[in-house]
Each structure stands twice: as C-alpha cells, then as structure tokens.
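Chain by chain, the residues run as shown.
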Amino acid sequence: QVQLVESGGRLVQAGGSLRLSCAASGRTFSTYVLGWFRQAPGKEREFVARTGRFGLSTDYEDSVKGRFTISRDNDKNTVYLQMNSLNPEDTAVYYCAARQYVGSRNGNDYDYWGQGTQVTVSS
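Throughout what follows, the structure given in this document is the object of discussion. As the structure is a computational prediction, the values presented were derived from the model and not from experiment.

## Concerning the sheet that holds strand β8 (residues 78–83)
Then comes step 1: If you trace the four strands from one edge of the open sheet to the other, you get β1-β3-β8-β7, paired in antiparallel fashion. Each edge of the open sheet is held by one strand with a lone partner, namely β1 (4–7) and β7 (68–73). Taking each pair of neighbouring strands and ignoring which way they run, the sheet shows an average axis angle of 15°.
Then comes step 2: Note: β7 against β8, six bridges, orientation antiparallel. If you follow threonine 69 over to β8, its bridge partner there is glutamine 82.

Here's what the structure looks like:
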C-alpha cells in the first residue's frame, strides 16, 4: 500500500502557474502508475493527467493539453503536476491517485488517493 499527500495548491491569478506535488510513502513507488484528478464544486470528478511507472508515458485531458505537465521522480517518491496558463475553470480540488502497473483515465480504477489540495484561479 501507499500513502499520498498533495501540496502546492493556492490562490493564483488567471494566466499564472502553479506546481503541485504529491509525496508517497513506501519503497515500491515505481510499481505504481499515478494520476491527477480534480473536482470542482457541484461537478463530477475529472481526469487530468497520468503517467506510467517510470514517467515514460503521459496522458492528458484535452482541456489541459499544452498547459499542464505531469512528471515523477521515483528516487523522491513524488509525482508533480506543473500547471501553466491557468484559467478560472481550472479551479478545483486536485487529487493524486495511484494504482499498480496499469494506467487508467477512470478514477474508479485507482486504489489510493490523497486528501486533495485546493487550487483557486481568480479572474
């Protein structure tokens, strides 16, 4: 099992940038594929980005392509989400999630979740 803790969320102006981090416990970090999801008030949870076990593959929701970048550092047991050109529609609680071996865009496939970090983009 793995414990995930997100950090980095804050208030930012439209057009600004933010880097989220998700630190994981354990010594088997590289066996997990990782994803970022978000949920805005009154809306369903949405897939944002994912990366494979070694960061060699990535996948993004269309609305964030070209603006967000997911990466991971297995030596630090950390996954990141670099967020650029933020707009108010990016306002949400952002969660990192993990599952073993096989990636997915479906949050229901993930077994481990962080508590989330709030990102608020002002207009």
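## Thoughts on the packing of aromatic side chains
By convention here, two paired aromatic rings are described through the distance between centres and the angle between planes.
Then comes step 1: Counted according to the given criterion, the structure contains six aromatic pairs.
Then comes step 2: With 5.9 Å between their ring centres and 80° between their planes, tyrosine 32 and tyrosine 112 make a pair best called edge-to-face. Pair noted here: tyrosine 32 is in strand β4 (residues 32–39) and tyrosine 112 is in strand β10 (residues 112–113), with a separation of 80 residues, a long-range link.
Then comes step 3: Owing to a relative accessible area of 24%, tyrosine 112 belongs among the partly exposed residues under this scheme.
Then comes step 4: Aromatic pair phenylalanine 37 and tyrosine 110: ring centres 5.3 Å apart, planes at 75°, arrangement edge-to-face. You can see phenylalanine 37 sitting in strand β4 and its partner tyrosine 110 sitting in the loop between β9 (92–100) and β10, a full 73 residues away along the chain. Residue phenylalanine 37 shares its accessibility class with tyrosine 110, and that shared class is buried.
Then comes step 5: Put simply, the rings of Phe37, Phe47, Tyr95, Tyr110 and Trp113 pair up and form one aromatic cluster.
Then comes step 6: Across from the ring centre of phenylalanine 29, 4.6 Å away, lies the NZ or CZ of arginine 72, which sits over that ring.

## Description of the environment of cysteine 22
Then comes step 1: Mapped onto the elements of the fold, cysteine 22 is located in strand β3 (residues 18–24).
Then comes step 2: Distance in space between the C-alpha atoms of cysteine 22 and asparagine 77 is 8.4 Å, their sequence separation being 55 residues.

## A word on the side chain of threonine 91
Then comes step 1: By secondary structure assignment, the location of threonine 91 is in the loop between β8 and β9.
Then comes step 2: The class for threonine 91 is buried, based on a relative accessible area of 19%.

## Thoughts on the side chain of aspartate 59
Then comes step 1: Along the chain, aspartate 59 falls in strand β6 (residues 58–60).
Then comes step 2: A polar contact of 2.7 Å, which involves the side chain of aspartate 59, links it to the side chain of arginine 105.
Then comes step 3: Beyond its immediate chain neighbours, meaning those up to four positions away, aspartate 59 contacts Phe47, Val48, Ala49, Arg50 and Arg105.

## Topic: the nonpolar core
Then comes step 1: Grouped together as the largest cluster of nonpolar side chains are 28 residues, with contacts concentrated most on Leu20, Trp36, Val48, Phe68, Leu81, Met83 and Tyr94.
Then comes step 2: Of all the secondary-structure elements, those providing two or more residues to this core are β3, β4, β5 (46–51), β7, β8, β9 and β11 (117–122).
Then comes step 3: Once you skip the residues sitting within four places of it in the chain, phenylalanine 68 turns out to touch Arg38, Val48, Tyr60, Leu81, Gln82, Met83, Asn84, Leu86, Asp90 and Tyr94.

Conventions and cut-offs
Residues numbered from 1 in each chain as written. Predicted model: local features only at pLDDT ≥ 70, side-chain atom pairs only at ≥ 80, totals over all residues. Heavy atoms only, no water. Pairing = 2+ DSSP bridges. Helix = DSSP H or I, 4+ residues; strand = E, 2+ residues; numbered from the N terminus. Axes fitted to C-alpha atoms, helices over the stretch in contact; angles between N-to-C directions. Phe/Tyr/Trp six-rings, centres within 6.5 Å; stacked < 30°, edge-to-face > 60°. Buried < 20%, exposed > 50% of the residue type's maximum accessible area, 1.4 Å probe, protein only. Lys NZ or Arg CZ within 6 Å of the ring centre and 35° of its normal. Polar contact = N/O pair within 3.5 Å; in protein donor to acceptor, adjacent residues only side chain to side chain. Contact = heavy atoms within 4.5 Å. Core = buried A, V, L, I, M, F, W, Y, C linked by side-chain atoms within 4.5 Å.

Everything listed here is a matter of geometry and, on its own, says nothing about what the molecule does.
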